[in-house]
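The chain contents come next:
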Amino acid sequence: MKLVIALVLLVLGSLWFHWWSPWWMTPIASNWVAIDDTIELTLYITGVVFVAVNLFMAWAIFRYRFDPSRRSHYEPENKKLETWLTVITAVGVAAMLAPGLVVWADFVEVPENADEVEIVGAQWQWSYRFPGADGILGEVDSRFVSSDNPFGMSPNDKAGNDDVLISSNELHLPIDRPVKLLLRSKDVLHDFAVPQFRVKMDLVPGTVTYVWLTPTRTGKFDILCMELCGIAHYTMRGHVVVDQQKDFDHWMSQQQTWAEIQSIPPGDPIAGKGSYATCAACHGQQGEGNLAMNSPNLAILQPWYIAREVHYFKDGIRGANESDEYGRQMAPMANMLIDETAIRNVAAYIGTLTPAATISTLNGNVEKGAFFYNSCGACHGAKAQGNYALQSPRLAGQNDWYLKRQLENFRLGVRGAHKGDTYGHQMVLMARSLQNEQSINDLLAYVNTL
């Protein structure tokens, strides 16, 4: 009798949890209502079967419970019952599969008037490419990928010159216009998914996959990678912003084409030397850093990273938090570099400086630190040399007291909380994997050996 009660309670509890559950599908923001309908139809069919089977078992256990005065009847076959079960099962399976096949036929048939956007996945970030005025996406190839050409644009295809390149995790799309998303991976298997759009697809290295949709409401929606793609897979986030047409056009007008990016001149270290005089007051003549001034070693940092962080300070992405005492000091200094050219020049000059040896200031267990560094090395490199493709700066040779402060800032949300700090968001999650101060000291003791 206890088993009968348990089965009935299981059915009642499941039904209650289904109808009053706080966890349900997010409000849809695309044309794919048919996908929701198909999921719900499958759920209802399997739900009816679940209820029927469990209630039948409860009834059978109760009806045919042990009775010493009754003898069981053995019947190994019942063709009539088997026929009914086969037919009902076949109808149920067909009812679940047929709508899915109809929806899949629509899913792979892209409207002729759909816009095209390329989505590029890489550990652990998203970037995007729009066709320019000619409406044609230029040729790309992995063999062309470099720090100056992260999209792998072909130098032999002039159609790519007007392509608009978005080196950001934020993608804008206009509302009520169908769009075909071309999906490409630069390294490993990824999966592009926006829960509110109800579409997802793998990004397979060496080929181009696609999905299509029509955004139906404005808003900002999370992009997730739903394929395990490495140790920092869970940090591979992005956003789709669905705009009204005029807002989308304004956003597009602010983006750069491949031809415009190519035309940017390299930084001039000679011109940057004069601007660096202000920086030297805190960071030292050779960019060696200064503990007394809380200024990190700049000479070990790559020019692209220095330029990015200066932009962050100028734009309030970094150094705006009230708890970031030293970042707030740096923000007005960054604003002394009046334009993009000045920033590139200073970064180029710093790139010519010779890194000085640093002194360890922390006590930690190097062996334990090596274990912690396994996660860091996925982005920053086995020797902490940094990685442009992952936008990860060099750590080797940096002052350990500075690195400790930054890790603490990430852990506390002092740094990396701004919506524009894409890579900072990832670092917040990684830094919080370090449980306490001692684990930070152990990690940095190991970094000091690199």
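Residues numbered from 1 in each chain as written. Predicted model: local features only at pLDDT ≥ 70, side-chain atom pairs only at ≥ 80, totals over all residues. Heavy atoms only, no water.

Asks: Any chance you could explain the packing of helix H7 (residues 303-315) against helix H8 (residues 325-334) here in plain terms?
Replies: Helix-helix packing: each pair is described by the crossing angle between the helix axes and the interaxial distance. Relative to each other, H7 and H8 sit at 95 degrees, their axes nearing to 8 Å. Taken together, the axis directions place H7 and H8 in an arrangement best described as roughly perpendicular. Within the contact between the two elements, H7 uses Val-310, Phe-313 and Lys-314 and H8 uses Gly-327, Met-330, Ala-331 and Ala-334. Grouping the amino acids of the contact of H7 with H8 by side-chain chemistry returns five nonpolar, one polar and one charged. (Axes fitted to C-alpha atoms, helices over the stretch in contact; angles between N-to-C directions. Helix = DSSP H or I, 4+ residues; strand = E, 2+ residues; numbered from the N terminus. Parallel < 35°, antiparallel > 145°, perpendicular 65-115°, else oblique. Contact = heavy atoms within 4.5 Å. Nonpolar A, V, L, I, M, F, W, Y, C, P; charged D, E, K, R; others polar.)

Asks: How should the packing of helix H1 (residues 2-20) against helix H2 (residues 33-63) be read in this particular structure?
Replies: Between H1 and H2, whose axes approach to 8 Å, the crossing angle comes to 160 degrees. The angle between H1 and H2 places the two elements in the roughly antiparallel class. Here H1 runs over H2; the crossing is left-handed. Here Leu-3, Val-4, Leu-7, Val-8, Leu-10, Val-11, Ser-14, Leu-15, His-18 and Trp-19 of H1 come into contact with H2, specifically with Leu-43, Tyr-44, Phe-50, Val-51, Asn-54, Leu-55, Met-57, Ala-58, Ile-61 and Phe-62. (Left-handed = near helix turned anticlockwise from the far one by under 90°.)

Asks: Is there a simple way to explain H1 in this structure?
Replies: Note on helix geometry: an α-helix contains 3.6 residues per turn, so any two residues three or four positions apart are oriented the same way. Taking 1.5 Å per residue as the helical rise, H1 with its 19 residues ought to reach 27 Å, and the 26 Å between its terminal C-alpha atoms agrees with that figure. Residues of H1 that are buried include every one of Val-4, Leu-7 and Val-11, and no others. Across the axial projection of H1, the buried residues extend over an arc of 75 degrees, all falling on one side. Those residues of H1 that are exposed and aimed more than 90 degrees away from the buried face are Lys-2, Leu-9, Trp-16 and Trp-20. Looking at the buried side of H1, the elements it contacts are H2. (Expected span 1.5 Å × (residues − 1). Buried < 20%, exposed > 50% of the residue type's maximum accessible area, 1.4 Å probe, protein only. Arc of directions from axis to C-beta.)

Asks: Looking at this structure, I do not really get the domain arrangement of the chain. What am I missing?
Replies: Buried accessible area, meaning the area lost when the parts come together, often serves as the stated size of an interface. Segmentation of the chain into domains returns domain 1 (2-69 + 76-108), domain 2 (115-263) and domain 3 (269-448). A straight line from the C-alpha centre of domain 2 to that of domain 3 covers 28 Å. Taken as a group, Trp-124, Gln-125 and Ile-231 account for 38% of the area that domain 2 buries against domain 3, more than any other trio of residues on that side. Scanning the region where domain 2 abuts domain 3 turns up zero salt bridges. (Domains from an automatic or database assignment. Buried area = accessible area lost by both parts, 1.4 Å probe. Salt bridge = Lys/Arg side-chain N within 4 Å of Asp/Glu carboxyl O.)

Asks: Help me understand the pairing of strand S10 (residues 237-243), please; the structure alone is not making it clear to me.
Replies: Where a strand is regular, its side chains alternate between the two sheet faces. A large share of S10 lies buried, amounting to five of its seven residues. Both strand S4 (residues 170-174) and S10 contribute to a ladder of five bridges, which runs parallel. The residue bridging Leu-171 from the neighbouring strand is Val-240, located in S10. The pairing of strand S9 (residues 219-225) with S10 spans six bridges and is classified as antiparallel. Each residue of the ladder has a partner; that of Lys-220, found in S10, is Val-241. (Pairing = 2+ DSSP bridges.)

Asks: What's the story with the sheet that holds S9 in this structure? I'm lost.
Replies: Two modes of strand pairing occur in sheets, parallel and antiparallel, and in both the strands are linked by backbone hydrogen bonds. Spatially, the five strands line up as an open sheet ordered S4-S10-S9-S6-S7, and their pairing is mixed. Taken across any chain shown, the strands that pair with only one partner, and hence form the sheet edges, are S4 and strand S7 (199-203). On average, adjacent strands in this sheet sit at an angle of 25 degrees to one another, irrespective of strand direction.

Asks: Teacher, can you tell me more about the pairing of strand S1 (residues 115-122) here?
Replies: With six of eight residues buried, S1 is to be regarded as a mostly interior element. Relative to strand S5 (residues 179-185), S1 is paired through seven bridges, and the arrangement is parallel. Residue pairing across strands places Val-117 opposite Leu-181, the latter belonging to S5. Alignment of S1 against strand S2 (residues 125-130), held across five bridges, turns out to be antiparallel. Paired with Ala-122 across the strands is Gln-125, a residue of S2. Connecting the antiparallel pair S1 and S2 is a turn made up of two residues.

Asks: Help me understand H7 in this model?
Replies: If you check H7, its first and last C-alpha atoms are 18 Å apart, about what 13 residues at 1.5 Å a residue would give, namely 18 Å. The set of residues buried in H7 consists of Tyr-305, Ile-306, Ala-307, Arg-308, Glu-309, Val-310, Tyr-312 and Phe-313. Elements that come into contact with the buried residues of H7 comprise H8, helix H9 (340-350) and helix H12 (422-431). Following H7 by one or two positions, Gly-316 has its phi on the positive side, about 80 degrees.

Asks: How should the pattern of salt bridges be read in this particular structure?
Replies: Opposite charge on two side chains makes pairing possible when the charged atoms of those side chains draw close. This model, assessed by the stated rule, comprises 13 salt bridges. In this structure, Glu-118 engages Arg-129 in a salt bridge whose closest nitrogen and oxygen atoms are separated by 2.8 Å. With Glu-118 in strand S1 and Arg-129 in strand S2, the pair connects residues that are eleven residues apart, well separated along the chain. Note that Asp-163 and Arg-129 form a salt bridge whose closest N and O atoms lie 2.7 Å from each other. Of this pair, Asp-163 sits in the loop between S2 and strand S3 (164-166) while Arg-129 sits in strand S2; the two residues are 34 residues apart in sequence, bridging distant segments of the chain. There is no split in this pair, since Asp-163 and Arg-129 are both buried.

Asks: What exactly am I supposed to notice about the sheet that holds strand S11 (residues 256-257) here?
Replies: Strand order in this open sheet of six strands is S8-S5-S1-S2-S3-S11, and the pairing throughout is mixed. Sheet topology places strand S8 (209-213) and S11 at the edges, where each strand pairs with a single neighbour. Taken together, the five bridges between S5 and S8 define a ladder with antiparallel strand orientation. If you follow Leu-181 over to S8, its bridge partner there is Val-211.

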